[in-house]
Amino acid sequence: LAARVRPMSDHEMHLHGMSCIVIDQEGSCVTLVNPENGDAKAYVLDYVYDSTNPPEALKTKKPSTADSDTKSRASDIEASQYAGNDALYKDVGVILLQEALEGYN
């Protein structure tokens, strides 16, 4: 089982929504917290992907090769914590695709 947590939408932020998800990627755990009463329920999964805070390069445009050579350490750390499509495909997509081609679903 896998979960990928997306960023809040503009609509959710406009309504002053609060995130109710706590992500522990190391322990592959997602905790859902009821914002009204604080009750929480934790789920341990095979994979947990945090896509809530994309790096600046993904929010605007892809950097050129020259730009990528001058990235700051902070940007490197932020990018390493963001789970993009490539991470999800590598961990889950390849297996699913292979099994689908072999006739499993």
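The text that follows walks through the structure, step by step, so that each part is easy to find. (Residues numbered from 1 in each chain as written. Predicted model: local features only at pLDDT ≥ 70, side-chain atom pairs only at ≥ 80, totals over all residues. Heavy atoms only, no water.)

**Section: the overall build of the protein chain**
Here's step 1: When its secondary structure is counted, the protein chain shows five helices and five strands.
Here's step 2: Ordered by position in the sequence, the α and β elements of the protein chain form the string β-α-β-β-β-β-α-α-α-α.
Here's step 3: Taking all 105 residues of the protein chain together, 16% fall into the buried category.
Here's step 4: Intrachain contacts of the protein chain at a sequence separation of at least 6 include 52% that bridge at least 24 residues. (Helix = DSSP H or I, 4+ residues; strand = E, 2+ residues; numbered from the N terminus. Buried < 20%, exposed > 50% of the residue type's maximum accessible area, 1.4 Å probe, protein only. Contact = heavy atoms within 4.5 Å.)

**Some details on the packing of aromatic side chains**
For any pair of aromatic rings, the description consists of the separation of the ring centres together with the inter-plane angle of the planes.
Here's step 1: All told, the structure shown has one aromatic pair when counted by the stated rule.
Here's step 2: Between Tyr47 and Tyr49 the ring centres are 6.1 Å apart and the planes differ by 15°, which places this aromatic pair in the stacked class.
Here's step 3: On the basis of relative accessible area, Tyr49 is assigned to the buried category, the value being 5%.
Here's step 4: The positively charged end of Lys41 is found above the aromatic ring belonging to Tyr43, 5.9 Å away from the centroid. (Phe/Tyr/Trp six-rings, centres within 6.5 Å; stacked < 30°, edge-to-face > 60°. Lys NZ or Arg CZ within 6 Å of the ring centre and 35° of its normal.)

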